[in-house]
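# A closer look at the structure
The lines below spell out each chain.
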Amino acid sequence: MRNEEMLLVPGPTPVVDSIYDAMGQETRGHTDPRFAAIYKRAIDRTREMLQTDGEVFVISGSGTVAMEMALVNTVTSGERLLIISQGFFGDRFLPLAKAFGIEADVIQAEWGKQVDPDIVEKKLAQTTYKAVTLTHADTSTGVAADLDTLVPIIKKHGALVILDGVCATAAMEEDMSKTYGQEGADGKIDVVLTGSQKAIGVPPGLAIVAFNQTALAAREKIEQVPAYYCDIYNWLPIMHDPTKYFATPPVNLIYAYDEGMKLVLTEGMENRYKRHEAFGKAVRAALAVYGMKALANEEAAAATLSCILYPDGVNDAKFRATLGKKGVIVAGALAHLAGKAFRIGHMGNTTEAMLEEAVTHIGETLIELGKDVNITEAREHFTETFHMHTSRS
Ligand SMILES: *Cc1c(COP(=O)(O)O)cnc(C)c1O
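Summary of the structure given here. (Residues numbered from 1 in each chain as written. Predicted model: local features only at pLDDT ≥ 70, side-chain atom pairs only at ≥ 80, totals over all residues. Heavy atoms only, no water.)

Now for the site of the ligand. Close to the ligand lie 13 residues, the nearest being Ser62, Thr64, Thr139, Asp164 and Lys198. In this structure, Gly63 approaches the ligand through a main-chain N or O atom, which is 2.8 Å from an oxygen atom. Lys198 has a polar side-chain atom sitting 2.7 Å from an oxygen atom of the ligand. Taking 380 Å² as the accessible area of the ligand by itself, protein coverage stands at 90%. For the shell around the ligand, the per-class residue count stands at 5 nonpolar, 6 polar and 2 charged. (Near = heavy atom within 4 Å. Polar contact = N/O pair within 3.5 Å; in protein donor to acceptor, adjacent residues only side chain to side chain. Areas by Shrake-Rupley, 256 points an atom, 1.4 Å probe, with all protein chains shown as cover. Nonpolar A, V, L, I, M, F, W, Y, C, P; charged D, E, K, R; others polar.)

In structure tokens form, the structure reads like this:
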């Protein structure tokens, strides 16, 4: 890899050489059939990754644009939205809904915990909601949503499931053909939205959204969505035939994304889910040796990133600056956890070797900051845990 640093923030994530190479190819006109063929293939690969029978949209924009596209095409002004929030990014749906006149209620989990499914069930029994948003992995807390429990509860009450996969898609199972809960019932995820720069491992700049047939039927009932760029009907003809024009796609980023999707499908979804699960468990097991605990308990923890609490006496700014000088870049924590924790991404094209090296450098950093820690033991915990979870069949 030509990268000089290990970018272990929860997005963007390390970009591999083949993706840089793809991105550096000659820029062509956005309706050139040679480019259109690559765009089409990238869309088809996305469809295959998510196993959807509906429509996939890959457009310029960050994950937030994908959130907006998902929402405005399914829920209209005056309808109700239920937001299930397990942190900062779950909460983001609230101002988003407000901006479009959508009435929203929030069920907020305590930071580090999952929401109580009984509360969700009660809320849905009391009030009719058009849709419910779930954040698959909340990037502020490192808490994962329990889809197997929540999706069937939501679908039973007839609401659409909108899944924010920005820090999860391609690393944690999101199978739009899967029936969550009881066979025979409608237990499907209706909308998955994501961005290019997290678990997919492509540079930032693409918003990716998939709508199933139920979600597309919801769009059909809306005469005019309060958006222009984010109206899926403006993009549908281009997604079917990228030689057509609506707004110029980011040609070079599409090259990169197509290569990223190739890497995802070549590794295979099951292998990726297993690798990320193992990454998460191994990183947390290793850092626990240093007396560093994850905010989320292990059952609720996301596979893609961890929010790690500092042991007493470790200064956040000093820790991250010292670690950064060793070439390992991690992120600070958000909101009330700022200064008390850091966030480490372990997703996308990050490798086992990189994470093991990061464990070493974190240990060295702690020693420089006056802590007495055992690096050898932490590395051993990392390797053992990783292999235990990847060799399991
Ligand atoms: C990063 C992130 C977002 C926002 O994505 P941007 O690309 O920064 O707009 C939304 N949701 C989750 C879960 C994220 O991790």
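Moving on, there is more to tell.
On to the sheet that holds strand 10 (residues 206–211), then. Pairing within the open sheet is mixed, and its 7 strands lie in the order 2-10-9-8-5-3-4. Each edge of the open sheet carries a strand with a single partner, namely strand 2 (55–60) and strand 4 (103–108). In this sheet, adjacent strand axes meet at a mean angle of 15° when their direction is disregarded. Strand direction decides the pairing type here: strand 9 (residues 191–195) and strand 10, joined by 5 bridges, are antiparallel. (Pairing = 2+ DSSP bridges. Helix = DSSP H or I, 4+ residues; strand = E, 2+ residues; numbered from the N terminus. Axes fitted to C-alpha atoms, helices over the stretch in contact; angles between N-to-C directions.)

Turning our attention to the pairing of strand 3 (residues 80–85). Most of strand 3 is tucked away: 5 of the 6 residues are buried. In this structure, strand 3 lies alongside strand 4, joined through 6 bridges in parallel fashion. The residue of strand 4 that forms the bridge with Ser85 is Gln108. Bridge count for strand 3 against strand 5 (residues 131–135) is 4 bridges, and the pairing is parallel. Paired with Leu81 across the bridge in strand 5 is Ala131. (Buried < 20%, exposed > 50% of the residue type's maximum accessible area, 1.4 Å probe, protein only.)

Attention shifts here to the environment of Phe279. Looking at the secondary structure, you find Phe279 in helix 11 (residues 269–289). Taking the C-alpha atoms as reference points, Phe279 and Ile200, 79 residues apart in sequence, are found 15 Å from one another.

To continue, consider the packing of aromatic side chains. Following the criterion strictly, the structure yields 12 aromatic pairs and no others. Ring plane angle 75° and centroid distance 5.2 Å describe the contact between Tyr310 and Phe319, whose orientation is recorded as edge-to-face. Among the residues examined, Tyr310 registers a relative accessible area of 11% and is labelled buried. Note on Phe319 and Phe342: the rings are 5.0 Å apart at their centroids and 40° apart in plane angle, and the pair reads as tilted. With a gap of 23 residues between them, Phe319 in helix 12 (residues 316–325) and Phe342 in strand 15 (residues 341–345) connect regions that are remote in the sequence. Note on Phe319: relative accessible area 0%, which makes it buried. Relative accessible area serves as the criterion here: at 0%, Phe342 is assigned to the buried category. Cluster of aromatic residues (ring-pair linked, three or more members): Tyr228, Tyr229, Trp235 and Phe246. (Phe/Tyr/Trp six-rings, centres within 6.5 Å; stacked < 30°, edge-to-face > 60°.)

It is worth spelling out the layout of surface pockets at this point. Considered as a void within the structure, the largest pocket measures approximately 480 Å³ in volume. The wall of the largest pocket is formed by 24 residues, among which His136, Ala145, Met172, Glu173 and Glu277 lie closest to the centre. Among the secondary structure elements, those contributing two or more residues to the lining of the largest pocket are helix 7 (147–156) and helix 11. The element that contributes the greatest number of residues to the lining of the largest pocket is helix 11, accounting for 5 residues. Here the lining of the largest pocket is built from residues that sort into 11 nonpolar, 2 polar and 11 charged. A domain-level breakdown of the lining of the largest pocket finds at least three residues from each of domain 1 (17–266) and domain 2 (268–390). Of the volumes computed, that of the second largest pocket is approximately 180 Å³. (1 Å grid on protein atoms, 1.4 Å probe; cavity = no way out; pocket = protein on both sides within 12 Å on 5 of 7 lines; lining within 4 Å. Points joined across faces, edges and corners; volume = space filled by probe spheres on them. Domains from an automatic or database assignment.)

Taken as a whole and judged by the stated rule, the model has 1 cavity of 30 Å³ or more. The computed volume of the largest cavity comes to approximately 30 Å³. Surrounding the largest cavity, His30, Thr31, Tyr39, Ile238, Pro242, Lys244, Tyr245, Phe246, Ala247 and Pro249 form its lining.

This part takes up the nonpolar core. Formed by 90 residues in total, the largest nonpolar core has its most connected members in Val58, Leu134, Ile154, Leu193, Trp235 and Tyr257. When residues of this core are assigned to their parent elements, the largest contribution, 8 residues, is made by helix 10 (residues 251–267). Beyond its immediate chain neighbours, meaning those up to four positions away, Val58 contacts Tyr39, Ile43, Thr46, Leu206, Ala207, Ile208, Met239, Ile254 and Tyr257. Leu8, Leu287, Ile344 and Phe386 belong to the second largest nonpolar core, which has 31 residues in total. (Core = buried A, V, L, I, M, F, W, Y, C linked by side-chain atoms within 4.5 Å. Contact = heavy atoms within 4.5 Å.)

Strand order in the open sheet formed by 4 strands is 11-12-15-14, and the pairing between neighbours is antiparallel. The strands lining the two open edges of the sheet, one partner per strand, are strand 11 (293–294) and strand 14 (331–332). Inspection of the sheet shows strand 11 paired to strand 12 (residues 305–309) by 2 bridges, in the antiparallel sense. The partner of Lys293 across the bridge, within strand 12, is Leu309.

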